[in-house]
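One letter stands for each residue in the lines below.
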Amino acid sequence: MRIVTWNVNSLRARQERVEEWLAEVQPDVVLMQETKLADDAFPTLAFESMGYSCAHHGQGQWNGVAILSKVGLDDVVANFAGPGDPDPDARIITATCGGVRVSSVYVPNGRSLDDDHYTYKLWWLGRLQAHLDADTSPDQDVIVGGDYNIAPDDRDVHDPKVLVGATHGSEPERQRLAELEAWGLTDVFRTMHDDDRMFSWWDYRGGDFHQGRGMRIDLLMCSKSVVDRVTWTAIDRNARKGKSPSDHAPVMVDLD
DNA sequence: ATGGTTGTTGCACAA
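Keep in mind the model is a prediction, meaning the values are calculated, not measured.

1. Some words on the pattern of salt bridges
Then comes step 1: Going through the model one piece at a time under the given rule, you end up with 15 salt bridges.
Then comes step 2: For Arg 216, the salt bridge is made with Asp 187, and the minimal N-O distance between the two is 2.7 Å. Taken together, the residues Arg 216 in the loop between strand 11 (214-215) and strand 12 (218-223) and Asp 187 in strand 9 (residues 185-187) connect sequence positions 29 residues apart. Across the pair, Asp 187 and Arg 216 agree in class, each one buried.
Then comes step 3: When the shortest N-O distance is used, the salt bridge between Arg 213 and Asp 208 registers 2.8 Å.
Then comes step 4: When its relative accessible area of 30% is taken as the criterion, Arg 213 is described as partly exposed.

2. Considering the UniProt feature "site: Transition state stabilizer" (unreviewed entry) in chain A
Then comes step 1: Per the UniProt record, "site: Transition state stabilizer" (unreviewed entry) is found at Asn 149.
Then comes step 2: Apart from residues no more than four positions distant in its own chain, Asn 149 is found in contact with Tyr 106, Val 107, Pro 108, Asn 109, Lys 121, His 168, Glu 173 and Ile 217.
Then comes step 3: A polar contact of 2.9 Å, which involves the side chain of Asn 149, links it to the backbone oxygen of Val 107.

3. As for helix 1 (residues 11-25)
Then comes step 1: The end-to-end C-alpha distance of helix 1 is 18 Å, clearly below the 21 Å that 15 residues give at a rise of 1.5 Å each.
Then comes step 2: Taking the largest bend as the criterion, helix 1 deviates by roughly 40°, centred on Arg 17.
Then comes step 3: Looking at the buried positions of helix 1, the neighbouring elements they touch are strand 1 (2-7), strand 2 (29-33), helix 2 (44-48), strand 4 (65-69) and strand 14 (251-255).
Then comes step 4: Just beyond helix 1, the residue with positive phi is Gln 26, at close to 55°.

4. Description of the pairing of strand 12
Then comes step 1: For strand 12, a buried count of six out of six residues is recorded, marking the element as mostly surrounded by other parts of the structure.
Then comes step 2: Residues Asp 218, Leu 220 and Cys 222 point to one face of strand 12 and Leu 219, Met 221 and Ser 223 to the other, with burial holding for every one of them.
Then comes step 3: With five bridges connecting them, strand 8 (residues 142-147) and strand 12 associate as antiparallel partners. Following the sheet pairing, Ile 143 is matched in strand 12 by Cys 222.
Then comes step 4: Bridging between strand 9 and strand 12 involves three bridges; their strand directions are antiparallel.

Cut-offs applied
- Residues numbered from 1 in each chain as written.
- Chains lettered and ligands numbered in written order.
- Predicted model: local features only at pLDDT ≥ 70, side-chain atom pairs only at ≥ 80, totals over all residues.
- Heavy atoms only, no water.
- Salt bridge = Lys/Arg side-chain N within 4 Å of Asp/Glu carboxyl O.
- Helix = DSSP H or I, 4+ residues; strand = E, 2+ residues; numbered from the N terminus.
- Buried < 20%, exposed > 50% of the residue type's maximum accessible area, 1.4 Å probe, protein only.
- UniProt positions renumbered as here; feature names shortened; annotations may be inferred.
- Contact = heavy atoms within 4.5 Å.
- Polar contact = N/O pair within 3.5 Å; in protein donor to acceptor, adjacent residues only side chain to side chain.
- Expected span 1.5 Å × (residues − 1).
- Bend = angle between axes of the 7 residues up to and from the residue.
- Pairing = 2+ DSSP bridges.

Next comes the structure, spelled out in structure tokens:
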């Protein structure tokens, strides 16, 4: 079973490229972020014609997350489960696909360390823990995949200096990621690429992609029983090339 | 210190 996560940065602007990539790579489950669509604008028919069932949690204009699956799509939960406030934004959707409890997450960017949006980002990551406690358990097959807007450590950025005094690498953010690991999730890419410096996002500006100035902020966080089934994992940086790419590349994992 | 680019919306803001 092939599972991927991809921040498409507007599905309306990316539909053609997304369909081409899906036809080429043939993932069974797709965790999509930043559709930037309202639910009634989601192109369900186009994906159904490619063999996917679809679940979308959108708000229009910004955010929006989806799950596409060829291996079943059951028990869909939009927004956070369990006690605690709901997210005012459309940033998480959860479903069971092929026996795996998958979530597509778009963690708030944070903007800067003194911004209210950074406080929201830290709240959001804590609220995700409460969601997981209510929705599932670490001894199940669980994948929480998406755009975390966090570089897990200094291997995950072209130059660690860009994280000094900035979001994406601050201690509180990395602490929240460590708490997800303590809950039972593992950044699956690092289990097979110990020293590789590969990125999943490059700013559109300044030729950053061609200069290699990126970060690895899109993660597939997997429970132990999932990690034990992994045969391959990679980031498709080819998807960042060419005409009208998303600023994110897809992250992929294959399970036995 | 600023700018660089893209997407959505509307004459900015978010990333």
